[in-house]
Amino acid sequence: MTDKNANQMWGGRFAEGPDAIMEAINASIGFDQRLAAQDIAGSRAHAAMLAAQGIISNSDAEAIREGLLTILSEIEQGRFTFSTALEDIHMNVEARLKEVIGEPAGRLHTGRSRNDQVATDFRLWVRDQADAAIEGLKALMCALLVQAGTGAEWVMPGFTHLQTAQPVTWGHHMMAYVEMFGRDLSRFTDARARMNESPLGAAALAGTSFPIDRHMTAEALGFARPCANSLDAVSDRDFALEFLAASSICAMHLSRFAEELVIWSSAQFRFVALSDRFSTGSSIMPQKKNPDAAELIRAKIGRIFGANVALMTVMKGLPLAYSKDMQEDKEQVFDAADNLMLALAAMTGMVGDMQANVPVLEAAAGAGFSTATDLADWLVRVLGMPFRDAHHVTGSLVAVAEGKGCDLPELSLADMQAVEPRITEEVFGVLGVHNSVASRVSYGGTAPEQVKQQVAAWQERLS
């Protein structure tokens with residue numbers, strides 16, 4: 001379509017079309033064509049409402065409906081030619097509609113503006129992405145639950161400062177991520193509920209004098225209600241920001257887990273083996289098996305964080321209502337959503353395939369004096385020793401074990417009684433790693449029975 005035709009879309013205000021630089025900076029069709037399905041859905045709902053309200057004829061509404069379905073088919077089959085001169089998806093669709101059905105196409109825009117049109121399209125798209133994130137999180141959590149249930153009794157080291165702290169179970173560690181991703185799930189669910197209001201019919205900023213039915217179009221598009229303020233409806237991008245905020249927190253959780261998988265799969269740890277599907281080799285070192293999928297998840301997170309900051313920066317200084325700055329909202333959100341879904345899918349695949357090295361995990365669980373806290377607790381519980389005194393005695397016994405080059409369970413009773421004469425043979429019952437984890441029966445603890453209860457509870461919630 002020529003500049004003259006594009007200028008006619010604007011109306012009679014402008015005598016000349018934009019020059020090449022203005023056209024390049026103004027156009028968004030290069031990225032907002034992703035909103036085609038949402039744009040056509042919104043236009044169909046709007047046309048049906050206009051006819052129901054007697055604002056346009058039923059025959060015009062039917063022509064518009066059929067024309068829009070034709071255009072959607074062309075887009076889906078890759079037969080639609082997008083024009084930069086027409087700026088965006090809305091004007092590309094409208095121009096093509098005029099070519100397909102003629103005069104009735106000009107009545108479609110009655111009672112609305114591109115401002116409420118784009119706000120509606122974008123909300124629909126982000127709502128779809130929230131739904132996709134929710135389903136992606138559920139799939140990842142189900143994969144983690146399988147790992148947790150299978151390894152509810154496998155022991156491994158629990159870390160603080162990446163130093164061995166206390167023994168925990170594999171299932172307990174997996175369930176920690178289930179809890180994190182469960183909160184992410186709730187954030188996306190909450191955000192979806194808040195964004196589920198329709199801007200359509202807010203028009204440019206003040207509503208319209210036509211007797212439209214905004215509740216009808218809201219219902220047709222699956223919204224809970226129309227936005228209650230027309231100024232807010234066209235200028236709000238909170239829904240996109242909240243999606244990015246939830247995505248950023250979720251991405252951070254994915255990155256933490258990815259980091260652990262990188263560490264765990266190393267030759268120094270050997271806690272897990274990742275499948276060939278999510279690993280690569282080296283071009284020069286034949287022994288290498290690199291956890292590239294985990295590393296790429298860890299790296300892609302920066303793009304999601306960046307999108308959140310970028311859109312916050314775009315929006316922070318904008319007066320009401322619409323400003324062209326807001327055209328810069330979409331590329332960031334599109335990129336973040338794409339990378340979040342890719343990271344969720346890759347992590348779900350890795351978790352489903354990964355194999356825990358149970359003997360190595362158990363050996364590591366007992367290293368580094370990991371049952372020292374169990375010894376201190378025993379001194380308090382059995383000997384009635386104040387905890388600070390028990391802490392001191394245990395520290396002294398750790399020093400003895402270090403001097404002998406052994407771990408606490410390998411000390412003799414005589415060694416222990418040389419530090420604290422009241423210690424009895426009974427103490428060895430708490431020093432093994434399996435005894436240690438079995439004793440942690442407080443709610444949310446690492447005891448296998450607690451892990452199994454949490455697995456069952458989450459399986460029920462997700463079903």
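Values in this document were obtained by computation on a predicted structure and should not be read as measured data.

**A few points about the nonpolar core**
For soluble globular proteins, the rule of thumb is that nonpolar side chains tend to be buried together.
Okay, step 1: Ranked by size, the top nonpolar core spans 97 residues in total, and within it Leu254, Phe257, Trp264 and Met347 carry the most contacts.
Okay, step 2: Counting residues per element, this core draws most heavily on helix H11 (residues 238-264), which supplies 15 residues.

**Topic: the packing of helix H4 (residues 36-52) against helix H6 (residues 89-101)**
Okay, step 1: Relative orientation of the contacting elements H4 and H6 amounts to 60°, with a least axis distance of 10 Å. Here H4 is positioned oblique relative to H6, judged by the angle of their axes. Note that H4 runs across H6; the crossing there is right-handed. Of the residues in H6, those touching H4 at Ala36, Asp39 and Ile40 are Ile89, His90 and Val93.

**Looking at the domain arrangement of the protein chain**
Okay, step 1: When the domains of the protein chain are assigned, the result is domain 1 (20-107), domain 2 (127-158 + 169-210 + 228-358) and domain 3 (364-462).
Okay, step 2: Taking only C-alpha atoms, the centre of domain 2 and the centre of domain 3 are 37 Å apart.
Okay, step 3: In this complex, domain 2 contributes 20 residues to the contact, which on the side of domain 3 involves 16 residues.
Okay, step 4: Carbon and sulfur atoms supply 77% of the area that domain 2 and domain 3 bury against each other, a total of about 1500 Å² over both sides.
Okay, step 5: Sorting the residues of domain 2 by area buried against domain 3 places Leu145, Val155 and His172 first, and these three jointly supply 33% of that buried surface.
Okay, step 6: Joining domain 2 to domain 3, the criterion identifies 1 salt bridge.
Okay, step 7: Of the charged contacts, one joins Lys452 and Glu153 as a salt bridge, the two residues approaching to 2.9 Å between their closest N and O atoms.
Okay, step 8: At the boundary of domain 2 with domain 3, the tally comes to 4 residue pairs in polar contact (both at pLDDT 80 or more).
Okay, step 9: Taken together, the elements giving at least two residues each to the side of domain 2 that touches domain 3 come down to helix H7 (114-150), strand S1 (155-160) and helix H8 (170-195).
Okay, step 10: Class assignment of the residues belonging to the side of domain 2 that touches domain 3 gives a composition of 12 nonpolar, 5 polar and 3 charged.

**Focus: a nonpolar patch on the surface**
Okay, step 1: Side chains of Leu205, Leu231 and Leu320 sit close together on the surface and give an oily, nonpolar patch of about 270 Å² of accessible area.
Okay, step 2: Tracing the sequence through the fold places Leu231 in helix H10 (residues 230-235).

**Things to note about the pattern of salt bridges**
Okay, step 1: Enumeration over the complete set of coordinates arrives at 26 salt bridges.
Okay, step 2: With a closest N to O distance of 3.4 Å, Arg225 and Glu197 form a salt bridge. Within this pair, whereas Arg225 is found in strand S4 (residues 225-226), its partner Glu197 is found in strand S3 (residues 197-198), the two being separated by 28 residues in sequence.
Okay, step 3: With a relative accessible area of 23%, Glu197 lands in the partly exposed category.

**Here's the deal with the pairing of S1**
Okay, step 1: Relative to strand S2 (residues 163-169), S1 is paired through 6 bridges, and the arrangement is antiparallel. Counterpart to Met156 in the pairing with S2 is Val168.
Okay, step 2: From the end of S1 to the start of S2, which pair antiparallel, there are 2 residues, and His161 there has a positive phi angle of about 60°.

**Looking at the UniProt feature "domain: Argininosuccinate lyase C-terminal" (unreviewed entry) in the protein chain**
Okay, step 1: Per the UniProt entry, the sites bearing "domain: Argininosuccinate lyase C-terminal" (unreviewed entry) are residues 369-438 in this numbering.
Okay, step 2: Across residues 369-438 one finds 67% helix and 0% strand; the C-alpha atoms that close the span lie 17 Å apart.

**Some points on the layout of surface pockets**
Okay, step 1: As a volume, the largest pocket reaches approximately 470 Å³.
Okay, step 2: In terms of lining, the largest pocket is formed by 18 residues, of which the most central are Phe159, His173, Tyr177, Arg256 and Glu260.
Okay, step 3: Every element with two or more residues in the lining of the largest pocket is listed here: S1, S2, H8 and H11.
Okay, step 4: Grouping the constituent residues of the lining of the largest pocket by class yields 10 nonpolar, 5 polar and 3 charged.

**Remarks on the packing of aromatic side chains**
Okay, step 1: A complete count under the given rule lists 12 aromatic pairs for this structure.
Okay, step 2: Relative to Phe271, the ring of Trp264 lies with its centre 6.3 Å away and its plane at 50°, an arrangement referred to as tilted.
Okay, step 3: Following the ring pairs from residue to residue traces out a cluster consisting of Trp154, Phe159, Trp170, Trp264, Phe269 and Phe271.
Okay, step 4: Stacked on the ring of Phe223, the Lys or Arg Arg127 has its end atom at 4.8 Å from the ring centre.

**A short note on empty space enclosed by the protein**
Okay, step 1: This structure, assessed with the given rule, holds 1 cavity of 30 Å³ or more.
Okay, step 2: Its boundaries defined by the atoms lining it, the largest cavity holds a volume of some 30 Å³.
Okay, step 3: Every element with two or more residues in the lining of the largest cavity is listed here: H4 and H6.
Okay, step 4: A total of 3 residues in the lining of the largest cavity trace back to one element, the largest contributor, which is H6.
Okay, step 5: Residues belonging to the lining of the largest cavity are distributed by class as follows: 2 nonpolar, 3 polar and 3 charged.

**Details of H7**
Okay, step 1: With 37 residues, H7 should cover 54 Å at 1.5 Å per step; its first-to-last C-alpha distance of 54 Å lies within 8% of that length.
Okay, step 2: Among the 37 residues of H7, 27 are classified as buried, and the element is accordingly described as predominantly covered.
Okay, step 3: Between the side-chain oxygen at the start of H7 and the backbone nitrogen of Asn115 there is a gap of 3.0 Å, and the oxygen is on Ser113.

**So, the packing of H8 against H11**
Okay, step 1: The contact between H8 and H11 brings their axes to 8 Å, and the two run at 165°. The angle between the axes of H8 and H11 places the two elements in the roughly antiparallel class. Of the two possible hands of crossing, H8 and H11 adopt the one that is left-handed.
Okay, step 2: In the contact of H8 with H11, the residues fall into 16 nonpolar, 3 polar and 6 charged.

Calculation notes
- Each chain carries its own residue numbering, running from 1 in the direction its sequence is written.
- Whole-chain, interface and lining totals are the exception, using all residues; otherwise, since this is a predicted model, local features are given only for residues with pLDDT of at least 70 and side-chain atom pairs are given and counted only at 80 or more.
- By convention in this description, side-chain values take in all heavy atoms of the structure and omit both hydrogens and water.
- In this description, a nonpolar core means a group of buried Ala, Val, Leu, Ile, Met, Phe, Trp, Tyr and Cys residues linked to one another through side-chain atoms lying within 4.5 Å.
- Note on exposure labels: buried denotes an accessible area under 20% of the residue type's maximum, exposed denotes more than 50%, and partly exposed covers the range between, all computed with a 1.4 Å probe on protein chains only.
- Secondary structure is summarised from DSSP: a helix means a run of H or I of at least four residues, a strand means a run of E of at least two, and numbering begins at the N terminus for each.
- To obtain each axis, a line is fitted to C-alpha atoms, and for helices this fit is confined to the stretch in contact; angles are then taken between N-to-C directions over 0 to 180 degrees.
- Oblique is the label for any angle not covered by the other classes, which are roughly parallel (under 35 degrees), roughly antiparallel (over 145) and roughly perpendicular (65 to 115).
- For any helix crossing, the convention is left-handed if the near helix is rotated counterclockwise from the far helix by under a right angle, and right-handed if that rotation is clockwise.
- Contact criterion: two residues are considered in contact whenever any of their non-hydrogen atoms come within 4.5 Å of each other.
- Delimitation of the domains relies on an automatic or database domain assignment.
- By buried area we mean the combined loss of accessible area, with a 1.4 Å probe, across both parts when two parts are placed together.
- By definition here, a salt bridge exists when the distance from a side-chain nitrogen of Lys or Arg to a carboxyl oxygen of Asp or Glu is within 4 Å.
- What qualifies as a polar contact is a pair of N or O atoms within 3.5 Å, subject to a donor-acceptor requirement within protein and to the restriction that residues adjacent in sequence count only when both atoms come from side chains.
- Under the scheme applied here, ten amino acids are nonpolar (Ala, Val, Leu, Ile, Met, Phe, Trp, Tyr, Cys and Pro), four are charged (Asp, Glu, Lys and Arg), and all others, including Gly, are polar.
- For patch building, the residue pool is restricted to those with more than 30% relative accessible area and no salt bridge; the joining distance is 9 Å between like charges and 5 Å between nonpolar side chains (Val, Leu, Ile, Met, Phe, Trp, Tyr).
- Residue-level accessible areas treat just the shown protein chains as cover; the underlying method is Shrake-Rupley with a 1.4 Å probe.
- The rule for pairing is simple: two strands pair if DSSP sees at least two bridges between them.
- UniProt positions are given in the numbering used here, feature names are shortened, and annotations may be inferred rather than shown by experiment.
- Points on a 1 Å grid, built from protein atoms alone, make a cavity when a 1.4 Å probe fits but cannot get out and make a pocket when they are open with protein on both sides within 12 Å along at least 5 of 7 lines; residues with an atom within 4 Å of a point are the lining residues.
- Grid points are joined across faces, edges and corners, and a volume is the space filled by probe spheres set on the points.
- Paired rings are identified among Phe, Tyr and Trp, the last through its six-membered ring, by centres lying within 6.5 Å, and are further divided according to the angle between planes into stacked (under 30 degrees), edge-to-face (over 60) and tilted (the rest).
- Any Lys NZ or Arg CZ found within 6 Å of a ring centre and within 35 degrees of that ring's normal is scored as a charge over the ring.
- Expected span, for any helix, means 1.5 Å times one less than how many residues it has.

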